[in-house]
Amino acid sequence: MIGYIVRRLFSTVIVMAVVAFVVFSLLYLTPGDPAAIIAGDIATDEDIRRIHARLGLDDPFLVQFGRWVWSLAHGDLGTSIFTNLPVTQLIGQRIEPTVSLTLCTLVVSILVAVPLGVTAAAKAGGWLDRGVMAFSVLGFSVPVFVFAYILILTFSVELDWLPVQGYRTFHDGVWQWLRHLILPSVALGTVYVALITRMTRASMLDVLAQDYVRTAEAKGLAPEQVLIGHALKNAAIPVVTIIGVGVALLISGAIVTETVFALPGIGRLTVDAILRRDYPIIQGVTLIFSAVYVLVNLAVDLSYVLFDPRIRLT
Amino acid sequence: MNATTVVAPPIAAKSVSPTWRRFRDAFRRHPTALIGGVILILMAAIAVLAPWMGTIDPQAVFPARRLKPPSAEFWFGTDMLGRDVYSRVVYGARVSLIVGLAVAALSTLLGLAIGLVTGYVRRLDAVVMRVMDGLMSIPSVLLAIALMALTKASIGNVIIAITLAEVPRVVRLIRSLVLILREQPYVEAAIAAGTTLPRILVRHVLPNIVAPLLVQGTYVCGSAMITEAILSFIGAGTPPNIPSWGNIMAEGRSLIQIAGYLILYPGICLSLTVLAVNLLGDGMRDALDPRLARRM
């Protein structure tokens with residue numbers, strides 16, 4: 001088990017190093033002078049020189065990369081070109097709505113998707129199963145912002161049940177906070193629920209065809225006990241894996257969802273940075289979100305230990 | 001994938017290739033795939049025939065008739081500059097289809113090349129796959145955003161940015177297939193018979209990759225259409241002077257409460273097109289992997 005954990009930690013370090021290198025070298029992969037593009041069409045030569053100096057573009061590539069990694073190690077993600085504030089500070093100010101939105105979505109999605117997938121598999125071919133499959137095809141096809149606007153038009157504009165846009169912090173009261181998160185979470189969670197449900201169903205169907213499930217049924221266990229205790233536990237690894245992989249969907253989706261619902265989170269920060277061509281912010285956000293994604297998947301891989309004794313014992 | 005493609009009954013092999021026979025059977029078994037195909041052909045026809053679809057210049061500005069709701073004259077209404085939304089949506093189909101097809105073609109070809117090489121050259125494998133793992137750890141929309149922030153907005157750059165984000169997944173698939181195929185008895189037999197490597201790749205490995213690659217390409221196409229719309233929607237995609245579904249929705253963003261149709265029509269078109277692509281992909285996957293077909 002220790003060997004497995006050490007191996008996974010080691011490969012995580014390598015992947016993060018590659019991510020850092022890719023995120024850094026994007027600036028140099030693109031054709032033309034990045035400073036000129038960041039400065040925009042109406043920039044003077046002086047502006048471009050200033051951005052050159054700010055990004056340290058005049059030094060050799062490896063010197064720049066070394067300096068960048070060194071400041072990363074000190075928790076410094078650079079300085080925003082537009083506001084002149086540290087990127088870490090800007091991200092810190094915007095983190096609460098993003099964390100609220102993604103965590104809410106994550107928890108609710110798993111609570112909905114896993115039971116849905118298990119039930120669909122237990123009654124394969126039934127109406128619920130067909131419904132779940134149709135829903136998952138739709139969930140993959142309707143982009144998150146289109147669905148978000150359909151929700152807004154229905155529940156906010158027509159029915160006037162929920163706020164159209166905006167965010168309340170947790171300190172303004174739990175109910176207000178939650179009310180502003182319902183539609184964004186539903187919009188963001190749909191494709192995630194579709195993904196997890198589909199994988200749970202497929203994985204359960206695989207396991208339900210195994211001999212040990214038939215044995216469990218034959219010895220007279222209640223159907224729920226077979227389903228949860230025997231089948232779900234053995235079907236868990238692909239499900240947990242897809243929950244981790246799907247976090248990429250949540251991150252990409254959060255940027256769009258925050259734009260639609262005007263949530264002042266990291267996604268809005270990114271979109272504003274695009275409009276102002278504030279590259280250090282985009283670089284910092286890309287790096288942080290990728291790190292979160294890598295760490296979530298590390299946690300997923302380590303959780304295999306809980307489900308699979310073969311990993312635990314070797 | 002599996003060896004059945006190679007050991008198909010000789011009678012069938014005479015008339016049609018077994019892969020295509022399976023595609024044909026899949027369309028019979030899965031009418032939804034057929035529906036997907038029909039919708040896609042319709043969309044393509046609309047995109048090609050855009051000037052003859054009762055449209056006017058999608059960029060023509062008429063301040064006098066701003067924000068008119070849908071009517072007999074303006075089927076999808078007009079936007080904040082008085083432009084005809086119907087014409088813009090029809091022309092917007094071109095962007096989605098071009099980006100979807102171009103990204104699917106480029107990333108499958110690029111992924112195929114890299115996957116074949118890494119699957120066969122052990123020394124490259126470790127290095128290339130670590131790079132691919134790293135690339136895959138950057139959420140694809142973010143990678144595309146980062147690339148678009150550093151280049152001028154154009155459809156070509158959108159295609160390149162999304163392709164770079166999609167390639168690693170294709171490489172992964174191809175590499176895993178190559179690793180299985182290179183151990184197959186018929187490949188070993190070919191090596192023993194002194195067949196050269198390029199010939200083994202073309203005659204024995206490639207034919208078994210084509211089918212799963214096509215399926216993957218379909219999914220890449222659908223996902224690329226969504227990514228393009230997302231990029232345009234947040235202002236990092238297709239330039240505003242070209243009407244695309246994402247652009248039209250971006251312009252409707254602040255008007256959602258008074259002019260929901262600005263978002264609704266392009267949104268429905270986009271969802272329908274992606275749905276059609278996905279249905280086609282599901283049908284093809286079922287055709288190629290009957291074991292998976294019963295469950296997914």
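It should be emphasised that the depicted structure is a prediction, and the values quoted were computed from it without experimental measurement.

Colleague: How would you sum up the overall build of chain B? Please name residues and give values.
Modeller: Helices and strands together make up the secondary structure of chain B, namely twelve helices and zero strands. Walking chain B from its N terminus toward its C terminus, one meets helices and strands in the order α-α-α-α-α-α-α-α-α-α-α-α. Along the longest, intermediate and shortest principal axes, the C-alpha atoms of chain B span 80 × 45 × 30 Å. Classification of the 296 residues of chain B by burial places 48% in the buried group. Across chain B, contacts joining residues at least 24 apart in sequence account for 70% of those joining residues at least 6 apart.

Colleague: Quick rundown of the overall build of chain A? Include the residues and the values.
Modeller: Counting its regular elements, chain A contains 13 helices and zero strands. Put simply, chain A runs from its N terminus to its C terminus through helices and strands in the order α-α-α-α-α-α-α-α-α-α-α-α-α. Dimensions along the principal axes, computed over C-alpha positions, put chain A at roughly 80 × 55 × 40 Å. Looking at chain A as a whole, 40% of its 314 residues are labelled buried. Long-range pairs, those at least 24 residues apart, make up 72% of the contacts in chain A between residues at least 6 apart in sequence.

Colleague: I'd love a proper account of helix α3 (residues 31-48) of chain B, names of residues and values included.
Modeller: All names here are of chain B. Under the 1.5 Å per step criterion, the end-to-end length of α3 is 26 Å for 18 residues, consistent within 8% with the ideal 26 Å. Of all the positions in α3, only A33, G36 and L40 are classed as buried. One side of α3 carries all its buried residues, which in axial view fall inside an arc of 55°. α3 presents P31, V38, I41 and A45 as exposed residues on the side facing more than 90 degrees away from its buried surface.

Colleague: For unusual backbone geometry, give the residues involved together with the corresponding values.
Modeller: All names here are of chain A. A positive phi angle, close to 65°, is found at N84, a residue other than glycine. On the secondary structure map, N84 appears in the loop between α4 (61-73) and α5 (87-122). Taking the C-beta count within 10 Å as the criterion, N84 has 8 such neighbours and is therefore assigned exposed. Although it is not a glycine, A262 sits at a positive phi angle of roughly 50°. Looking at the secondary structure, you find A262 in the loop between α10 (223-261) and α11 (266-276).

Colleague: Just give me the short version of the interface of chain B and chain A, but keep the residues and values in it.
Modeller: Residue-level contacts link 40 residues of chain B with 44 residues of chain A. The set of elements that each furnish at least two residues to the side of chain B that touches chain A consists of α5 (122-136), α6 (140-149), α9 (197-233) and α11 (261-288) of chain B. For the side of chain B that touches chain A, the residue count by class is 25 nonpolar, ten polar and five charged.

Colleague: An account of helix α7 (residues 144-158) of chain A is requested, with residue identities and associated values reported.
Modeller: Between its first and last C-alpha atoms α7(A) spans 20 Å; for 15 residues at 1.5 Å apiece the expected length is 21 Å, and the two agree. The largest bend in α7(A) is about 30°, located at A:I152. Along α7(A), the residues classified as buried are A:V144, A:F145, A:V146, A:F147, A:A148, A:Y149 and A:I152. Tucked into the core, α7(A) has its buried residues touching α8 (174-208) and α10 of chain A together with α9, α10 (245-252) and α11 of chain B. Among the residues trailing α7(A), A:D160 stands out with phi positive, at a value near 60°.

Colleague: Describe the nonpolar core, with residues and values.
Modeller: A:I196, B:A144 and B:I145 are the most contacted members of the largest nonpolar core, which has 165 residues in total. Top element by residues in this core is α10(A). It accounts for 19 residues. In this view, B:I145 contacts A:T270, A:I274, A:I282, B:L231 and B:A236; residues no more than four positions away in its chain are not counted.

Colleague: Summarise the environment of B:P51; cite the residues concerned and give the values.
Modeller: Residue and element names in this part refer to chain B. Within the secondary structure layout, P51 lies in the loop between α3 and α4 (85-120). A tally of 12 C-beta atoms within 10 Å means that P51 is categorised as exposed. Residues P51 and N157, spaced 106 residues apart in sequence, show a C-alpha to C-alpha distance of 25 Å.

Colleague: Break down the environment of A:G3 for me, citing the residues and quoting the values.
Modeller: With respect to the secondary-structure elements, A:G3 resides in helix α1 (residues 2-29). The spatial distance from the C-alpha of A:G3 to the C-alpha of A:L151 is 48 Å, given a sequence separation of 148 residues.

Colleague: Can you explain the environment of A:T119? Please cite residues and give values.
Modeller: Residue and element names in this part refer to chain A. Position of T119 among the secondary structure elements: in helix α5. For T119, a count of 18 C-beta atoms within 10 Å gives the class partly exposed. C-alpha of T119 to C-alpha of R49: the two residues are 70 residues apart in sequence and 62 Å apart in space.

Colleague: Tell me about the confidence of the model for chain B, and name the residues and values.
Modeller: Residue and element names in this part refer to chain B. Scored by pLDDT, chain B has a mean of 82; 90% of the residues are at 70 or more. With pLDDT under 50 throughout, residues 1-14 is counted as low confidence; its partners more than four residues away or in other chains account for 14 contacts. Low pLDDT, under 50, characterises residues 292-296; the stretch is placed with six contacts to residues that sit more than four places away or in other chains. Interface confidence for the predicted complex, given as ipTM, is 0.85, next to a pTM of 0.85.

Colleague: Can you explain the packing of helix α6 (residues 127-141) of chain A against α8(A)? Please cite residues and give values.
Modeller: Residues and elements named next belong to chain A. Close contact between α6 and α8 brings their axes to 8 Å; oriented N to C, the two are set at 135°. One finds that α6 runs oblique with respect to α8. Taken as a pair, α6 and α8 cross one another with a handedness that is left-handed. Seen from α6, the contacting residues are V132, F135, S136, G139 and F140; seen from α8, they are T190, V191, V193, A194, T197, R198 and R201. Within the contact of α6 with α8, the residues separate by chemical class into six nonpolar, four polar and two charged.

Colleague: If you had to explain the packing of α4(B) against helix α7 (residues 155-181) of chain B to someone new, which residues and values would you point to?
Modeller: Residue and element names in this part refer to chain B. As a packed pair, α4 and α7 sit with axes 6 Å apart at the nearest point and diverge in direction by 40°. Taken together, the axes of α4 and α7 lie oblique to each other. Handedness of the crossing formed by α4 with α7: right-handed.

Procedures and definitions
Residues numbered from 1 in each chain as written. Chains lettered and ligands numbered in written order. Predicted model: local features only at pLDDT ≥ 70, side-chain atom pairs only at ≥ 80, totals over all residues. Helix = DSSP H or I, 4+ residues; strand = E, 2+ residues; numbered from the N terminus. Buried ≥ 20, exposed ≤ 12 C-beta atoms within 10 Å, placed from the backbone. Contact = placed C-beta atoms within 7 Å. Expected span 1.5 Å × (residues − 1). Arc of directions from axis to C-beta. Nonpolar A, V, L, I, M, F, W, Y, C, P; charged D, E, K, R; others polar. Bend = angle between axes of the 7 residues up to and from the residue. Core = buried A, V, L, I, M, F, W, Y, C linked by C-beta atoms within 7 Å. pLDDT = per-residue confidence, 0-100. Axes fitted to C-alpha atoms, helices over the stretch in contact; angles between N-to-C directions. Parallel < 35°, antiparallel > 145°, perpendicular 65-115°, else oblique. Left-handed = near helix turned anticlockwise from the far one by under 90°.

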